[in-house]
Amino acid sequence: MKTREEDLPSKSQLQGSQLRNRVVFGLGIGISVGGIVLTGGWVFVVALAAAVFTGAREYFELVRSRGITAGMTPPPRYVSRVCSVICALMPLFVMYRGHIDVSVTSAAFVLATALLLQRGSPRFAQLSSAIFGLFYCGYLPSFWVKLRCSLAAPALNTKIGATWPILLGGQAHWTVGLVVTLITISSVIAADTFAFLGGKAFGRTPLTSVSPKKTWEGTIIGFCGCIITSVVLSKIFSWPIPLSSAIGLGVLNFLGSVFGDLTESMIKRDAGVKDSGTLIPGHGGVLDRADSYLFTGALAYNFVKTFLPVYGV
């Protein structure tokens, strides 16, 4: 007869199962996101709003965790739920109105009013954590709507656009917004992948105490992978034309990726948890997958608008 120890899965079997889940769900997420980005429009915005709502719920659960509440008073649950809904509405508001400043200001006012009128003694920690949640989970992701949907000038030099089927929008479908979104997402994926592989192979020097597994060696390799990906894709899409612009975009994508990752790591470290959630098997929560993208959308959009006045042509 088998003993209880023989019935239990071995460590290698568990690791193999986790790796399988990570690969399968990672490919599924990648294909789905690619299709949503290519489709654009309200499909892109609604999918982003759903991810934002889930990520916001994860953030406010982290804020309520024992590790963080030991040093501060978290917002009431009804405020957390309202904030999650407001965050999800921000991308929709940006798509409909074209800007976000009014929605953020109004949301902050409503939030502050709700906290001040609650029973008991309102605490500044409640207000600061809730306002940061609006910024982190709602305001920053909304820049992806501006990046993908508002940069509607056609990328005329992109050869893929010239052969794109008319039924799928033809050349007009390949806008600057679509091209820069694809380059930005691909650069972030490259940065994460090269940093992970480089750290595994050559990592010796810790990068920061916030995330002990990250190393300077892996970070430098991730930086190189991000820049190379940005430059190669700029040549494939024939946008942006100047090499310096492609490198500049790659640098910003890398910085946004690293500091987005470290910001979430800091929150999870204070909360005393490994993952922000359990929604995605093998990956954790939505924030665990999206942390590297939170700052990059805003950085990429402002880079194009500020430094590429003719959209990189």
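Being a predicted model, the structure only gives us computed values, none of them experimental.

A look at the packing of helix H7 (residues 124-150) against helix H9 (residues 176-202)
- Interaxial distance between H7 and H9 falls to 6 Å at its minimum, and their mutual angle equals 130°. Judged by the angle between their axes, H7 and H9 are oblique. Where H7 abuts H9, its residues Trp144, Leu147 and Arg148 lie against Gly177, Leu178, Val180, Thr181, Thr184 and Ile185.
- The class makeup of the residues in the contact of H7 with H9 is five nonpolar, three polar and one charged.

Observations regarding the side chain of serine 80
- Secondary-structure assignment places serine 80 in helix H5 (residues 77-97).
- For serine 80, a relative accessible area of 6% gives the class buried.
- Those residues in contact with serine 80 that lie beyond four places of it in its chain are Phe60 and Pro75.

Points about the state of the cysteines
- Applying the stated criterion to the full structure yields zero disulfides.
- Free cysteine: cysteine 137, not disulfide-bonded; nearest cysteine sulfur from cysteine 87 at 5.4 Å.

What to know about unusual backbone geometry
- The step from tryptophan 239 to proline 240 runs through a cis peptide bond, and the omega angle for that step is -10°.
- In this structure, proline 240 sits in the loop between helix H10 (216-237) and helix H11 (243-271).
- One non-glycine residue, serine 238, lies in positive phi territory at about 55°.
- With respect to the helices and strands, serine 238 occurs in the loop between H10 and H11.

With respect to the pattern of salt bridges
- Per the stated rule, a full pass over the model turns up five salt bridges.
- The salt bridge involving lysine 268 is made with glutamate 264; its shortest N-O contact spans 3.6 Å. Separated by four residues within a single helix, lysine 268 and glutamate 264 lie in helix H11, roughly one turn from each other.
- We classify lysine 268 as buried; its relative accessible area is 12%.
- Judged by relative accessible area, which is 1%, glutamate 264 ranks as buried.
- The shortest N-O distance in the salt bridge between lysine 274 and aspartate 275 comes to 4.0 Å.
- Judged by relative accessible area, lysine 274 falls into the exposed class, the value being 67%.
- Salt bridges linked by common partners bring Glu264, Lys268 and Asp288 together as one network.

Observations concerning the packing of H9 against H11
- The contact between H9 and H11 brings their axes to 9 Å, and the two run at 55°. Here H9 is positioned oblique relative to H11, judged by the angle of their axes. Considering only the axes of H9 and H11, their crossing is right-handed. On H11, the residues that touch Val180, Ile183, Thr184, Ser187, Val188, Ala191 and Asp192 of H9 are Leu249, Asn253, Phe254 and Ser257.

Description of H7
- The terminal C-alpha atoms of H7 lie 36 Å apart, and with 27 residues this matches the ideal 39 Å at 1.5 Å per residue to within 8%.
- Of all the bends in H7, the largest measures some 25° and sits at phenylalanine 135.

Points about the packing of aromatic side chains
- For the structure on display, the rule yields 13 aromatic pairs.
- A ring pair is formed by tyrosine 59 and phenylalanine 132, whose centres lie 6.1 Å apart and whose planes are at 50°; its orientation type is tilted. In this pair, tyrosine 59 sits in helix H3 (residues 41-63) while phenylalanine 132 sits in helix H7, placing the two residues 73 residues apart along the sequence.
- Pairing tryptophan 144 with tyrosine 293 gives two aromatic rings, centres 6.4 Å apart and planes at 55°, and the pair type is tilted. Separated by 149 residues along the polypeptide, tryptophan 144 in helix H7 and tyrosine 293 in the loop between helix H12 (286-290) and helix H13 (296-307) bring together distant segments of the chain. Just as tryptophan 144 is buried, tyrosine 293 falls in that class too.
- One aromatic cluster is present, formed by Tyr59, Phe60, Phe132, Phe135, Tyr136, Tyr139, Phe143 and Tyr301 through successive ring pairs.

A short note on a nonpolar patch on the surface
- Residues Ile160, Ile228, Val232 and Ile236 make up a contiguous nonpolar surface patch of roughly 330 Å² in combined accessible area.
- Structurally, isoleucine 228 can be placed in helix H10.

Description of the nonpolar core
- Formed by 56 residues in total, the largest nonpolar core has its most connected members in Tyr59, Leu134, Tyr136 and Trp239.
- Broken down by secondary-structure element, the contributors of at least two residues to this core are H3, H5, helix H6 (101-116), H7, H9, H10, H11 and H13.
- Beyond its immediate chain neighbours, meaning those up to four positions away, tyrosine 136 contacts Tyr59, Pro141, Gly260, Thr263, Glu264, Ile267, Leu287, Asp291 and Leu294.
- Within the second largest apolar cluster, five residues are counted, among which are Ala191, Cys226, Val258 and Leu262.

Observations concerning the confidence of the model for the chain
- On average, residues of the chain carry a pLDDT of 86, and 89% of them reach 70 or more.
- Ranking the elements of the chain by mean pLDDT puts helix H1 (residues 4-7) last, at 49, and H10 first, at 95.

Cut-off values and rules
- Residues numbered from 1 in each chain as written.
- Predicted model: local features only at pLDDT ≥ 70, side-chain atom pairs only at ≥ 80, totals over all residues.
- Heavy atoms only, no water.
- Axes fitted to C-alpha atoms, helices over the stretch in contact; angles between N-to-C directions.
- Helix = DSSP H or I, 4+ residues; strand = E, 2+ residues; numbered from the N terminus.
- Parallel < 35°, antiparallel > 145°, perpendicular 65-115°, else oblique.
- Contact = heavy atoms within 4.5 Å.
- Nonpolar A, V, L, I, M, F, W, Y, C, P; charged D, E, K, R; others polar.
- Buried < 20%, exposed > 50% of the residue type's maximum accessible area, 1.4 Å probe, protein only.
- Disulfide = S-S within 2.5 Å.
- Salt bridge = Lys/Arg side-chain N within 4 Å of Asp/Glu carboxyl O.
- Left-handed = near helix turned anticlockwise from the far one by under 90°.
- Expected span 1.5 Å × (residues − 1).
- Bend = angle between axes of the 7 residues up to and from the residue.
- Phe/Tyr/Trp six-rings, centres within 6.5 Å; stacked < 30°, edge-to-face > 60°.
- Patch = residues over 30% accessible without salt bridge, like charges linked within 9 Å, V, L, I, M, F, W, Y side chains within 5 Å.
- Areas by Shrake-Rupley, 256 points an atom, 1.4 Å probe, with all protein chains shown as cover.
- Core = buried A, V, L, I, M, F, W, Y, C linked by side-chain atoms within 4.5 Å.
- pLDDT = per-residue confidence, 0-100.

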